[in-house]
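The lines below spell out each chain.
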Amino acid sequence: MRIDVVSIFPEYLAPLELSLVGKARRTGLLDLRVHDLRDWAHDRHRTVDDSPLGGGAGMVMRPDVWGEALDDVLGGAQAHPGEVELVVPTPSGLPLDQRTAERLATVPHVVVACGRYEGIDARVAEHYRGRGVAVTELSLGDYVLNGGEVAALVLVEAVARLLPGMVGNPASLVEESHGAAGTLEYPVYTRPPEWRGHEVPEVLLSGHHARIERWRRDQALERTARRRPDLIERLAVEDLDRRDRDILAELGWEVGDEGLRVVSPPGGVAD
Ligand SMILES: C[S@@+](CC[C@H](N)C(=O)[O-])C[C@H]1O[C@@H](n2cnc3c(N)ncnc32)[C@H](O)[C@@H]1O
């Protein structure tokens, strides 16, 4: 997979040389290229921004500079629909989630355009959409950052770890939070079995795989119900076994004709 990141702070992306992403780059699994937007500016000061039309505070990133940069980085993208996607991080985008990361991991070439100041002139996304390039505006969450570089770091890490061959044991991806089960992950423990008076749940030392699996499923349901009831609402009722339904009933959820609904909310988010 190829990912290009365009930013006025290319140094910000230096952590992508570390850890699993860095290794994937060295082994050729991930072709990651970081570009300085100012390389496409034409004046002596390498200007990339201008004041907002219509007035207002701050500066807006210029479409002409972005246009030249993206024409180069996207290459012949317009001629290859489905082969390339332009991702524009913005707090007004759709929330980035695991499904989006999974989808992007199947796109051969992703280009991330990192905004700064008040963001990128809105015509840039519009222009490439009109040229047949898939453009996705993505938000990391309901807060405002200074620039899109942190979003690019998050996106690259979330997408790259899904590439085949990236994570040593692919089984570790299956049971994770936000995976196919639709729940948060159960709590995890390692040795020693007793630490500062805290003991690991006895079932995990039993060697009884079916009991361990059931305990983990119960914990995942309970944790999800307490912390993220919105995820419980989205569970497919037909995938719930008898025990799942009992656990959820104890937590105040009822299975009705239209799915799961809470009848008596549990208190707080603490475990
Ligand atoms: C200061 S922000 C611009 C915010 C913009 N004026 C608004 O209110 O929507 C500058 C840049 O940071 C990035 N950014 C800020 N918050 C973000 C978020 N929650 N998710 C993704 N990118 C974000 C975007 O690239 C954005 O163009």
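The rules behind these values
Residues numbered from 1 in each chain as written. Predicted model: local features only at pLDDT ≥ 70, side-chain atom pairs only at ≥ 80, totals over all residues. Heavy atoms only, no water. UniProt positions renumbered as here; feature names shortened; annotations may be inferred. Core = buried A, V, L, I, M, F, W, Y, C linked by side-chain atoms within 4.5 Å. Buried < 20%, exposed > 50% of the residue type's maximum accessible area, 1.4 Å probe, protein only. Helix = DSSP H or I, 4+ residues; strand = E, 2+ residues; numbered from the N terminus. Contact = heavy atoms within 4.5 Å. Salt bridge = Lys/Arg side-chain N within 4 Å of Asp/Glu carboxyl O. Near = heavy atom within 4 Å. Polar contact = N/O pair within 3.5 Å; in protein donor to acceptor, adjacent residues only side chain to side chain. 1 Å grid on protein atoms, 1.4 Å probe; cavity = no way out; pocket = protein on both sides within 12 Å on 5 of 7 lines; lining within 4 Å. Points joined across faces, edges and corners; volume = space filled by probe spheres on them. Nonpolar A, V, L, I, M, F, W, Y, C, P; charged D, E, K, R; others polar. Expected span 1.5 Å × (residues − 1).

As annotated in an unreviewed UniProt entry, the protein is tRNA (guanine-N(1)-)-methyltransferase from Actinotalea soli. Per UniProt, the comment on the protein under Subunit (unreviewed entry) is "Homodimer." Entered under Subcellular location (unreviewed entry) in the UniProt record, the comment concerning the protein runs "Cytoplasm".

Student: Help me understand the nonpolar core in this model?
Tutor: One recurring pattern in soluble globular proteins: nonpolar side chains tend to sit buried together. Core analysis: the largest hydrophobic core is formed by 26 residues, its most contacted members being I3, V5, L30, L104 and V112. Contributions of two or more residues to this core are made by β1 (2–7), α1 (19–27), α3 (98–104), β6 (109–113) and α5 (149–160). Sort the elements by how many residues they give to this core and α5 lands first, with six residues. When near neighbours in sequence (up to four residues on either side) are disregarded, L104 contacts M1, E85, V87, V110, L138, L155 and V159.

Student: Would you mind going over the pattern of salt bridges with me for this structure?
Tutor: Two side chains bearing opposite charge may form a pair once their charged atoms approach each other closely. Enumeration over the complete set of coordinates arrives at 20 salt bridges. With a shortest N-O distance of 2.6 Å, R33 and D31 are connected by a salt bridge. What makes D31 partly exposed here is its relative accessible area of 30%. In this structure, D121 engages R123 in a salt bridge whose closest nitrogen and oxygen atoms are separated by 2.7 Å. When its relative accessible area of 16% is taken as the criterion, D121 is described as buried. Within this structure, R214, R217, D218, D241, R243 and D244 form a network of salt bridges that share partners.

Student: Looking at this structure, I do not really get unusual backbone geometry. What am I missing?
Tutor: A negative phi angle is the norm for most residues apart from glycine, just as the trans form is the norm for most peptide bonds. The linkage connecting R191 with the following residue, P192, adopts the cis geometry, with an omega of 0 degrees. Along the polypeptide, P192 turns up in the loop between α6 (171–174) and β8 (194–195). The phi angle at Y117 is positive, at roughly 55 degrees, despite the residue not being glycine. Take Y117: it is sitting in the loop between β6 and α4 (123–130). Overall, Y117 belongs to the partly exposed group, its relative accessible area being 36%. Positive phi is not limited to glycine here, since H178 has a value of about 65 degrees. Looking at the secondary structure, you find H178 in the loop between α6 and β8. In this structure H178 comes out as partly exposed when scored by relative accessible area, which is 33%.

Student: Please explain the site of the ligand as it appears in this structure.
Tutor: Around the ligand, a shell composed of 19 residues is seen, among which P89, E118, L140, Y143 and L145 lie nearest. Between Y143 and the ligand, the recorded distance is 2.8 Å, taken from a backbone N or O atom to a nitrogen atom. Between L145 and the ligand, the recorded distance is 2.9 Å, taken from a backbone N or O atom to a nitrogen atom. Residue assignment for the shell around the ligand shows that the elements contributing at least two residues are β5 (84–95) and β7 (134–139). Examining the composition of the shell around the ligand, we find that three residues originate from one element, β5, more than from any other.

Student: Help me understand empty space enclosed by the protein, please; the structure alone is not making it clear to me.
Tutor: Leftover empty space is mapped by rolling, across the atoms, a probe with the size of a water molecule. According to the stated counting rule, one finds one cavity of 30 Å³ or more in the structure shown. Taken as a whole, the largest cavity encloses approximately 40 Å³ of empty space. In this structure, the largest cavity is lined by V87, P89, L96, L138, S139, L140, A151 and L155. Only β5, β7 and α5 provide two or more residues apiece to the lining of the largest cavity. The residue makeup of the lining of the largest cavity, split by class, is seven nonpolar, one polar and no charged.

Student: Is there a simple way to explain the side chain of D4 in this structure?
Tutor: As for its placement among the helices and strands, D4 is situated in strand β1. In terms of polar contacts, D4 uses its side chain to reach the side chain of R2, at 2.7 Å. Side-chain polar atoms of D4 contact the side chain of H35, separated by 2.6 Å. Among all residues touching D4, those that are not within four sequence positions of it are R33, H35, V73, H109, V110, V111 and V112.

Student: Sorry if this is basic, but what is going on with α5 here?
Tutor: Within an α-helix, residues lying three or four positions from one another point in the same direction, as the helix has 3.6 residues per turn. In this model, α5 (twelve residues) spans 16 Å end to end at C-alpha, consistent with the 16 Å of a helix rising 1.5 Å per residue. Turning to α5, its buried residues are E149, A151, A152, L153, L155, V156, V159 and A160.

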